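Chain by chain, the residues:
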Amino acid sequence: MPLPSRTSLAAAIALTLVFGATVDHPSYAATKKPGHAMPAASSNPFFQDSTLEFGFPQFDKIKAGDFAPAFDRGMAEQKKEVEAIANNPAKPTFDNTILAMEKSGRILSRATYVFSNLTSANTNPDLDKLDAEYSPKFAAHRDSTYLNGKLFQRIKTLYDERAKLGLDPQGTRLVERYYEDFKHAGADLTPQQKERVKAINAEVAGLQTKLTQNVLAEANASAVFVDNRAELAGLTDEQIQGLADDAKAKGQPGKFRIALVNTTGQPLEAQLENRALREKIHNASIVRGSRGGEFDNTAPISRLMKLRAERAAIMGYADYASFALADETAKNPQAVNAMLDKIAPIAVANARKEGAVLQAMIDSEQKAKGQPTFKLEPWDWAFYTEKVRKAQYDYDENEIKPYLEFNNVLNNGVFFAANKLYGLSFKRRTDLPVYQEDVQTYDVFNEDGSKLAIIIVDPYARASKQGGAWMSSYVDQSDLMGTKPVIAFHLNVTKPTAGKPSLMTWDDVNGAFHEFGHVLHGMFSNVKYPYFAGTNVPRDFVEYPSQVNEMWMDDPTVLANYAKHWQTGEPLPKALLDKVMAASKFNEGFKTGEYLGAAMLDQKWHQIPAASVPEASGVMAYEAKSLKDIGLDYAPVPPRYRTPYFKHIMEGYAAGYYAYIWSEVLDADTAKWIRDHGGLTRANGDRFRSMLLSRGGSVDAMELFEKFYGGKPDIQPLLERRGLTSEPAAKK
């Protein structure tokens, strides 16, 4: 997934910094001085453009103490720029209003881009404090622009006259988007309503920061410690040593620390033979943020939902989902509900079938041991899924890992596929400064030798980095600004130890190809205005190009080039690949069900008015009732995220978590089209690049899809891909 990215009016006023984590990198350890004294221009790297190629950030010069002065000066300067535009006595023109806005806020843009990336990838307590301090200030700054009546009137004048301005289609669309953005922010509200919206926005910004920081802090506080190595049966020696090292680093030598990731399910549950320990880990996971204490999120989540619903009502919408979806390709909650309601019963039916297979495995094993059986529980699912895969498909995930070494996957898989499709080449650089020692940088070249972009690859997990995988941007492409892309690509692969490689799971590889799809979307951007650059597209469309790129991970040509044993160099045996593919559709009911549980829970929270939002004490009961009402209360398959640690809906994906499967419908259709037209060819790559990836947000998203695909979306290829063939049981 990409982090929010928007240049110009962009990062400067629309980017609210909401990402938090924890780090100890000395480059960012400077303490903040009282009053944020303004340093001389020459001493702050954000006060002027970076002198490095493509505006690459000067990480070797950036200190934590540079951010607050840059934020303060950046907001002050942009406020002057906006006021000058709004109060310009000359008649509104495209140049003196819209383009002037696009060019505003350069200092703030530079600083916020770096800051938002670091608080996700390599944060520390100083940055976390700044995040909390400045989130409401950025919200207020944004409001001072979007709720500026004089500025809105200039934009409205241009909007009303857009057909007479002599603009090209991209310029006309830019006028339309500015007008819609200002309206959506409340520019045409009454003065009293504007004041209330400002207050709501400031409080929401603070709550979002608090919630996301609590999620990370609670995950760290909820780690499970194990005293006895014997309890870790099922893990490899390397894994056990890693847990011991982690415990020692946390001041618990002789113990083993199992850190929690942010999903409900925890990775080690698939391997641990000790059922009591699996249950302990699961229970530690599901109570995060709702067990009381300083990191409890039930009160702030309740308040956040009430404020969002209130703001939507002020804007004239029935609920927050209606407000949030008005600018997405789905357009309204009814369209989202219709799609999710169609898939959910099929997913649950498949999950129940899978559960029956797992229960049969449990019963058989317990009978063979001469012990009473037990009922399948959530903490058993991953463990017995691997057993079923082994028994039915003769497949053990650990068999494939030696063939998925990180550097091979990156260079001979991800980069190789991009070369075959788009003619790209990649050259490692070591001269550019980085924010952490493991970070790598690459120049990216078109086939004709012209330099397209610089990418940052941040592969390994660490305590200062948020979980998961994501793409983000430091510099967006724009003809107007004369800028080329600097794109970051983050994973959370286990860092190699001395003499050992960094081996990936099949899912890790999928994540790498997925995130690189976002990178391609950012690198191939070929638009005039910053507003439309790269991944600045509707939220329920942005995942589509990245999901298309996943299709190359198991393409025979690509796979043969990267899936090689890290020691012997022998290729992945066809028999093993066949087992992987045969086993791949097993557990799709679970995967789809847990995803839909979260997606539909997101909609349940955001499709109610403020008066219906429960207080903190009722948050978990509302969650349980919601899952039951939508038929997703099959106990062994809990939602991927429970409300108190559902980071997506605390940040940019509020009422938008459905976007992944909405985008996957488009992806499945596109993947089928590409396969039907020859697969891994330059012709297909060049067509996808020119017709879709290069266009960013400069053309309506669904128009781009339909022109490439040649028709409307069809859900059937998605259902077939996921193996969702079972119809739901008839209701009695």
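Criteria and thresholds
- Residues numbered from 1 in each chain as written.
- Predicted model: local features only at pLDDT ≥ 70, side-chain atom pairs only at ≥ 80, totals over all residues.
- Heavy atoms only, no water.
- Helix = DSSP H or I, 4+ residues; strand = E, 2+ residues; numbered from the N terminus.
- Rg over C-alpha atoms; globule rule 2.2 N^0.38 Å.
- Buried < 20%, exposed > 50% of the residue type's maximum accessible area, 1.4 Å probe, protein only.
- Contact = heavy atoms within 4.5 Å.
- Salt bridge = Lys/Arg side-chain N within 4 Å of Asp/Glu carboxyl O.
- Axes fitted to C-alpha atoms, helices over the stretch in contact; angles between N-to-C directions.
- Left-handed = near helix turned anticlockwise from the far one by under 90°.
- Pairing = 2+ DSSP bridges.
- Phe/Tyr/Trp six-rings, centres within 6.5 Å; stacked < 30°, edge-to-face > 60°.
- Lys NZ or Arg CZ within 6 Å of the ring centre and 35° of its normal.
- Expected span 1.5 Å × (residues − 1).
- Arc of directions from axis to C-beta.
- pLDDT = per-residue confidence, 0-100.
- Parallel < 35°, antiparallel > 145°, perpendicular 65-115°, else oblique.
- Nonpolar A, V, L, I, M, F, W, Y, C, P; charged D, E, K, R; others polar.

> Please clarify how the overall build of the chain should be interpreted in this entry.
Helices and strands together make up the secondary structure of the chain, namely 27 helices and 7 strands. The globule rule puts the C-alpha radius of gyration for 732 residues at 27 Å, and the 25 Å found for the chain is close to it. Along the first, second and third principal axes, the C-alpha set of the chain runs to 90 × 60 × 55 Å. Here the chain, with 732 residues, has 59% of them falling under the buried criterion. A fraction of 78% describes how many contacts in the chain between residues 6 or more apart in sequence connect residues 24 or more apart.

> Explain the pattern of salt bridges to me, please; I cannot follow it from the model alone.
Side chains carrying opposite charge are able to pair once their charged atoms draw close together. Counted by the stated rule, this structure contains 47 salt bridges. Between aspartate 181 and arginine 177 there is a salt bridge, with its nearest N and O atoms 3.5 Å apart. A residue pair is termed a helical-turn pair when its members lie 3 or 4 positions apart in one helix, as aspartate 181 and arginine 177 do in helix H7 (residues 169-185) at 4 residues. Across the pair, arginine 177 and aspartate 181 agree in class, each one buried.

> I keep staring at the environment of leucine 174 and nothing clicks. Help me out?
Assignment of secondary structure puts leucine 174 in helix H7. Look at leucine 174 and you get buried, because its relative accessible area is 0%. Considering only alpha carbons, one finds leucine 174 and glutamate 328, 154 residues apart in sequence, at a separation of 16 Å. Those residues within four positions of leucine 174 in sequence are excluded, and the remaining contacts are Phe94, Ile98, Glu102, Tyr529, Tyr531 and Phe532.

> Looking at this structure, I do not really get the packing of helix H13 (residues 333-369) against helix H21 (residues 588-606). What am I missing?
The description of two helices packed together rests on the angle between their axes and the distance between the axes. Closest axis-to-axis distance for the H13/H21 pair is 8 Å, and the angle between their directions is 145°. For the crossing formed where H13 meets H21, the hand is left-handed. Within the contact between the two elements, H13 uses Val336, Asn337, Leu340, Asp341, Ile343, Ala344, Ala347, Asn350, Ala351 and Glu354 and H21 uses Glu588, Gly589, Phe590, Thr592, Gly593, Leu596, Ala599, Met600 and Gln603.

> Honestly, the sheet that holds strand E4 (residues 440-445) in this entry has me stumped. Any pointers?
Two strands in a sheet stick together by hydrogen bonds in their backbones, pointing the same way (parallel) or opposite ways (antiparallel). Pairing is mixed in the open sheet, where 5 strands are placed in the order E3-E4-E5-E7-E6. The sheet terminates laterally at strand E3 (425-429) and strand E6 (470-475), the two strands that pair on one side only. Adjacent strand axes in the sheet meet at a mean angle of 30°, parallel and antiparallel pairs treated alike. With 6 bridges connecting them, strand E5 (residues 451-460) and strand E7 (residues 486-493) associate as parallel partners. Across the sheet, the residue bridging to isoleucine 455 is isoleucine 487, located in E7. Its contacts with the sheet place helix H16 (residues 406-422) against E3, E4, E5 and E7, and it is angled at close to 20° to E4.

> Can you walk me through unusual backbone geometry in this structure?
With the exception of glycine, most residues fall at negative phi, and the peptide bonds are largely trans. With a phi angle near 85°, asparagine 587 is a residue other than glycine that sits in the positive phi range. On the secondary structure map, asparagine 587 appears in the loop between helix H20 (574-584) and H21.

> It is not clear to me how the pairing of E6 should be interpreted in this structure. Could you clarify?
A regular strand carries its side chains on alternate faces of the sheet. Counting buried residues in E6 gives 6 out of 6 residues, a clear majority hidden from the surface. In this sheet, E7 lies alongside E6 in antiparallel orientation, the contact comprising 5 bridges. The residue bridging serine 473 from the neighbouring strand is isoleucine 487, located in E7.

> Is there a simple way to explain the side chain of asparagine 549 in this structure?
With respect to the helices and strands, asparagine 549 occurs in helix H18 (residues 539-549). Since its relative accessible area comes to 7%, asparagine 549 is described here as buried. In contact with asparagine 549, other than residues within four places in its own chain, are Phe513, Phe516, Gly517 and Leu520.

> Just checking my understanding: could you explain the packing of aromatic side chains for this structure?
Centre distance and the angle of the planes are the two values used to describe a pair of aromatic rings. For the structure shown, the criterion picks out 46 aromatic pairs. For the ring pair phenylalanine 46 and phenylalanine 67, a centre distance of 5.2 Å and an interplane angle of 35° mean the geometry is tilted. Here the residue phenylalanine 46 occupies a position in the loop between helix H1 (9-14) and helix H2 (64-86), and phenylalanine 67 occupies one in helix H2, the gap between them amounting to 21 residues. Centroid distance phenylalanine 94 to tyrosine 529: 5.8 Å. Interplanar angle 75°. Geometry classified as edge-to-face. One end of the pair, phenylalanine 94, is in helix H3 (residues 94-102); the other, tyrosine 529, is in the loop between helix H17 (506-523) and H18, with 435 residues separating them in the sequence. Tyrosine 529 shares its class with phenylalanine 94; the two are buried. Put simply, the rings of Phe541, Tyr544, Trp673, Phe688, Phe705, Phe708 and Tyr709 pair up and form one aromatic cluster. Taking NZ or CZ as reference, arginine 278 lies 4.2 Å from the ring centre of phenylalanine 383, over its face. The lysine or arginine in question, arginine 687, covers the ring of phenylalanine 708, its NZ or CZ lying 4.8 Å from the ring centre.

> Which parts of the structure should I look at to understand the pairing of E5?
Of all 10 residues in E5, 10 are buried; the element is thus mostly enclosed. The sheet contact formed by E4 and E5 spans 6 bridges and is antiparallel. Bridge pairing in E5 places threonine 441 opposite isoleucine 456. Two successive antiparallel strands, E4 and E5, enclose a turn made up of 5 residues, where glycine 449 displays a positive phi of approximately 95°.

> Is there a simple way to explain helix H6 (residues 149-160) in this structure?
Structurally, the α-helix is built with 3.6 residues per turn, so residues lying three or four positions apart point the same way. Between its first and last C-alpha atoms H6 spans 16 Å; for 12 residues at 1.5 Å apiece the expected length is 16 Å, and the two agree. Residues of H6 that are buried: Leu151, Phe152, Arg154, Ile155, Leu158 and Tyr159. One side of H6 carries all its buried residues, which in axial view fall inside an arc of 160°. On its buried face, H6 is in contact with H2, H3, helix H5 (125-146) and H7.

> I tried to follow the confidence of the model for the chain on my own but got confused; where do I start?
Predicted coordinates in regions of low pLDDT should not be interpreted in detail. This prediction gives the chain a mean pLDDT of 91; 93% of its residues lie at or above 70. Every residue in residues 4-39 is under pLDDT 50, and counting partners more than four places away or in other chains gives 145 contacts.

> Can you walk me through the packing of H13 against helix H24 (residues 659-676) in this structure?
Where H13 meets H24, the closest approach of the two axes is 11 Å, and the angle between their N-to-C directions is 75°. With respect to their mutual orientation, H13 and H24 come out roughly perpendicular. Judged by residue contacts, Ala335, Val336, Met339, Leu340 and Ile343 of H13 engage Ile661, Trp662 and Val665 from H24. Split into classes, the residues belonging to the contact of H13 with H24 amount to 8 nonpolar, no polar and no charged.

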